[in-house]
Amino acid sequence: MAYVALSDAEKTFILHGVEEDFRCDGRSRRDYRPMELETGLVSNASGSARLRLANTDILVGVKTEIEVPDPLTPEFGKLEFFVDCSANATPEFEGRGGSDLAQELVLSLQNAYESPLAFDYRTLCLIPGQQCWKLYIDILILECGGNLHDAVSLAAKAALFNTKLPRVTATLLDAGITDLIISDNPYDCTRIGIDTVPLLVTVCKIGDFCLVDPSAEEEVCSTVSMVVSVSMRNGEAFLSGTHLTGGGAMHRDTMRNCLQLGLSIGEHLDTLLAKMLRQEQERVGPKRPKTVGFLK
Amino acid sequence: MLRVTQVKNSLLDGASIAEELYSTPQDGDNFFESLEKPAKEPENLAPRNTFIRAGVVTTVRGSAYMEYGNTKVLAIVSPPKELIRASARRMNMGVLNCYVNFAAFATGELESVPERERLLSSMLTKAMEPVVCRTEFLNFQLDVRVLILDDDGCLLSTAINCCGVALVESGISTYDLITASTACIYRDHVFLNPSAKMEELLWKHRTGTGTSTGSDSKDNTSTKSVQEHGLIITASLDTFEQIAQCQQCGYLSPETYMKLMDYTLAINKSLRQLVKGVLTARVREQHELDLREKAESALEDQRLAEVIERLKLRGLDEFIQSNIKEDPYVKKQ
Amino acid sequence: MGSHFELLSEQGLRLDGRRPHELRHIKCKLGVFEKPDGSAYMEQGNTKVLAAVYGPHQAKGKKTESNDVVINCQYSQATFSTAERKNRPRGDRKSLEFKMYLQQSLSAAIKSELYPRSQIDIYVEVLQADGANYAVALNAATLALIDAGICLNEFIVACTASLSKANIPLTDISHIEEVSGGPMLTVAALPNAEKIAFIEMSERFHIDHLETVIETAMAGCREIRDILEAAVKEHLLHMGSAADWARVG
């Protein structure tokens, strides 16, 4: 994360705030900062979303390509993540400066989306064993204000929701080589089911307490944080990936608390995101807002 | 003397090699059926047959070699050196870099090696950061290199154990002894310390996990039991029961997660006894080596003194004086 | 190399329905982000560009010797910005070329003598590329510099121009017109002073038409300058409305 310099007095202030369940901006330990979500900004991409979580600004674009599936999983499509830390966020990201952070985010996301129970790869299959969709999820980090894992996973999920896969009708040529015809009609498309798609929740340990959605300053104060990937299935929360970051260690009981907190917050976030996406979807026709994207 | 693991190497059998080259989803199912499945609640929470030796490489001071069943891993810790990338500088801590490499013969599937190396390196760095006293080498970087000689599952946990021993051997300050182990669950069976084939089954043959036992695969909403599958690697510092890293992949319910984590913590405790034993034995060995060296050099000094006495008796004082070079670092008596 | 489409139909309309001298619809906003000293977002038709400015701050490394300002640019295109996915956002030949062009143009606009031994970083991110990428990037960079409060000699604006088969000059080329094989001229100019800071051309056309095409591009620049000026004035009005210092000239 972009490095913020804090004095000891500031750190103590933040620590006391967390203990009293009243953080620097007035939130409780379970509150998220205000979020803005917008989908369908980039017309060259099959799906896109922009998420603004206070100071953190993420833009995600999803592009699709047709490829041959892995021979061991002939009915599964493919997913590839790419994170780019733009120099807009901080001059340290110029050139290849942000590659470490980008690599870490990619690995977290890959881990979370690995299981077929988290993301149904079968929906990306076209012809089993021969052709499948490959989705490139490209994440652009425009501003870093702390809590990148959460913002990135939320934006990715919204972009997947927004992705329109053109409908394909196939014709079988001789010798078993299939030829695919893709529909030109922009409204003739299939969508991807995102009910079980996981969300990453960062649970940060500051002092003796755990909190979610740390700002950049709070991240500097914490010794260790746990990134929990929560996936909802049939109303129950499942874990599709966890790991610890931050260079510290935590007790087993603290870890259990973090896990519980992460799961409940993840569940809450999921319902909130689903509601926001439904609202976005209904904003068509006369309800379409005039200002869009960065022009607001 | 190095004790070699006496385990039958099934790959030497020519017939079985051909089988492993082309694996299909059907093979995965067959293999699973053929496995001897452990009980649902494993009683015997023990690590595999382990062999650890500290101090195996002569070029570097901190090194360790570990055999965990068939998995063979070598770790090297070089002394801290000046920070190369100034952008990685932190205000009050040094930088830790871990690099994992596979030997060319370590694993059968070579395509996925670079990606696995990257993943393992980043996970290893995350696991070792809590245990090293990074405040001791401010503005310096510590490089830990791991070489995997044989892949039979549990790579990350073996690498963590090996690195922990190598760190202590090299004299870098650590907060505690770190131990790690792996547990996985597949089709409702818990496997502790999964082998490479088991891990491959977990990741490659994922088609098996989507369908529940026997019921209609499309109608997933009605089936109550979700086919959980997943792997947990826990690295712990047991003096105060701290967990340094807990990495999970797959799809688990929270109860299963805690259960698997408890299994790994138990295995870690027994591994810790082993590591302690190895390190104390090593210290004793070093001490004996020191004593022997001292005795030998004392003997050497004595012999030289005798030679000089004899020469003095024959009256060859000037000869001796001209041939004895003065040690410039010793003050003149 | 013939073109696939006729750039100008018989009715005098281009491929997207514009007249030959019409610019695409421009929308812009200053002050999009908090962290950079200046930032701007610019849309010209379907091309969307974000620019951020950090500075002036101490020059890094050996560059502290010079008495002039050090201008450090970066041109980066998002991987989803083009129809075909781009593997690397920056570092390829085209991006490095555009980075140099940006540096060249902006050094003509910034009052270098006012910032000795300092460095100004300008980072441009193209979110959607639909023709005239460099021109829109430069326009966004100008707005970002103004938002950062860096002294400029004048607005520096860029515009593209081309020539149809019937030798009618066209202003503001979109992507599909670019790849149709017609010539493309990019001009970055200081419109009031009527000076050209940067000029680049691809393909070829007869030298007799060169003057008209350049003049077309300059006219386009002047128009864009007016639009940008109006946007800056509106931004100032909005920013200074509380203390009422915005009413200037």
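Residues numbered from 1 in each chain as written. Chains lettered and ligands numbered in written order. Predicted model: local features only at pLDDT ≥ 70, side-chain atom pairs only at ≥ 80, totals over all residues. Heavy atoms only, no water.

- As recorded in an unreviewed UniProt entry, chain C goes by Exosome complex component RRP41 and comes from Drosophila kikkawai.
- Quoted straight from UniProt, the Sequence similarities (unreviewed entry) entry for chain C says "Belongs to the RNase PH family." (UniProt positions renumbered as here; feature names shortened; annotations may be inferred.)

- Chain B is annotated in an unreviewed UniProt entry as Exosome complex component MTR3 of Drosophila kikkawai.
- Checking UniProt for chain B, the heading Sequence similarities (unreviewed entry) contains the comment "Belongs to the RNase PH family."

Points about the overall build of chain C
Okay, so step 1: Tallying secondary structure elements over chain C gives four helices and nine strands in all.
Okay, so step 2: Ordered by position from N to C terminus, the α and β elements of chain C give β-β-β-β-α-β-α-β-β-α-β-β-α.
Okay, so step 3: Here chain C has a C-alpha radius of gyration of 18 Å; the compact-globule value for 249 residues is 18 Å, and the two agree.
Okay, so step 4: For chain C, the spread of C-alpha atoms along the principal axes amounts to about 55 × 40 × 35 Å.
Okay, so step 5: Of all 249 residues assigned to chain C, the portion counted as buried reaches 54%.
Okay, so step 6: Considering only intrachain contacts with a sequence separation of at least 6, the fraction spanning at least 24 residues in chain C is 68%.
Okay, so step 7: Total accessible area computed for chain C in this model is approximately 11,500 Å², and 51% of it derives from carbon and sulfur atoms. (Helix = DSSP H or I, 4+ residues; strand = E, 2+ residues; numbered from the N terminus. Rg over C-alpha atoms; globule rule 2.2 N^0.38 Å. Buried < 20%, exposed > 50% of the residue type's maximum accessible area, 1.4 Å probe, protein only. Contact = heavy atoms within 4.5 Å. Areas by Shrake-Rupley, 256 points an atom, 1.4 Å probe, with all protein chains shown as cover.)

Section: the packing of aromatic side chains
Okay, so step 1: Scanning all chains against the criterion turns up 13 aromatic pairs over all chains.
Okay, so step 2: The interplanar angle of 65 degrees and the centroid separation of 5.1 Å between the aromatic rings of Y134(C) and F198(C) together place this pair among those described as edge-to-face. Taken as a pair, Y134(C) in helix α2 (residues 133-148) and F198(C) in strand β9 (residues 195-202) lie far apart in primary sequence, 64 residues in all. The same class applies to Y134(C) and to F198(C), which are both buried.
Okay, so step 3: Its end group placed over the ring of F161(A), R191(A) keeps NZ or CZ at 5.4 Å from the ring centre.
Okay, so step 4: Taking NZ or CZ as reference, R85(C) lies 5.8 Å from the ring centre of F82(A), over its face. (Phe/Tyr/Trp six-rings, centres within 6.5 Å; stacked < 30°, edge-to-face > 60°. Lys NZ or Arg CZ within 6 Å of the ring centre and 35° of its normal.)

Observations concerning the sheet that holds strand β6 (residues 157-163) of chain C
Whenever strands of a sheet pair, they do so through backbone hydrogen bonds, lying parallel or antiparallel.
Residue and element names in this part refer to chain C.
Okay, so step 1: Taken in spatial order, the four strands line up as β7-β6-β8-β9 in an open sheet, and their pairing is antiparallel. Two strands in the sheet have a free side with no partner beyond their single neighbour: β7 (169-171) and β9. Strand-to-strand twist of the sheet, defined as the mean angle between neighbouring strand axes without regard to direction, takes the value 25 degrees.
Okay, so step 2: Of the strand pairs in this sheet, strand β8 (residues 184-190) and β9 are connected by seven bridges, and their pairing is antiparallel. Looking at β9, one finds that A189 is bridged to I196.
Okay, so step 3: Set on the sheet, α2 makes contact with β6, β8 and β9; between it and β6 the angle comes to about 160 degrees.
Okay, so step 4: Contacting β6, β7, β8 and β9, helix α4 (residues 210-239) crosses the sheet at an angle of about 145 degrees to β6. (Pairing = 2+ DSSP bridges. Axes fitted to C-alpha atoms, helices over the stretch in contact; angles between N-to-C directions.)

So, the interface of chain A and chain C
A common way to report how large an interface is uses the accessible area buried once the components associate.
Okay, so step 1: Tallying the contact residues gives 32 residues for chain A and 35 residues for chain C.
Okay, so step 2: Contact with chain C buries surface across chain A, with N88(A), F294(A) and L295(A) losing the most and accounting together for 24% of the total.
Okay, so step 3: Here chain A is connected to chain C by two salt bridges.
Okay, so step 4: The residue R90(C) makes a salt bridge to D84(A) at a minimum N-O spacing of 3.0 Å.
Okay, so step 5: Counting the contacts that link chain A with chain C gives 18 residue pairs in polar contact (both at pLDDT 80 or more).
Okay, so step 6: Those elements that provide at least two residues to the side of chain A that touches chain C are β3 (56-67), β4 (78-85) and β6 (131-143) of chain A.
Okay, so step 7: Residue composition of the side of chain A that touches chain C, grouped by class: 16 nonpolar, eight polar and eight charged. (Buried area = accessible area lost by both parts, 1.4 Å probe. Salt bridge = Lys/Arg side-chain N within 4 Å of Asp/Glu carboxyl O. Polar contact = N/O pair within 3.5 Å; in protein donor to acceptor, adjacent residues only side chain to side chain. Nonpolar A, V, L, I, M, F, W, Y, C, P; charged D, E, K, R; others polar.)

A closer look at the packing of helix α1 (residues 93-109) of chain C against α2(C)
All names here are of chain C.
Okay, so step 1: Interaxial distance between α1 and α2 falls to 11 Å at its minimum, and their mutual angle equals 45 degrees. Classified by the interaxial angle, the pair formed by α1 and α2 is oblique. Between α1 and α2 lies a crossing of right-handed hand. Mapping the contact onto sequence places F98, Y101, L102, S105 and L106 in α1 and Y134, L138, A141 and L145 in α2.
Okay, so step 2: Among the residues forming the contact of α1 with α2, the class breakdown is eight nonpolar, one polar and no charged. (Parallel < 35°, antiparallel > 145°, perpendicular 65-115°, else oblique. Left-handed = near helix turned anticlockwise from the far one by under 90°.)

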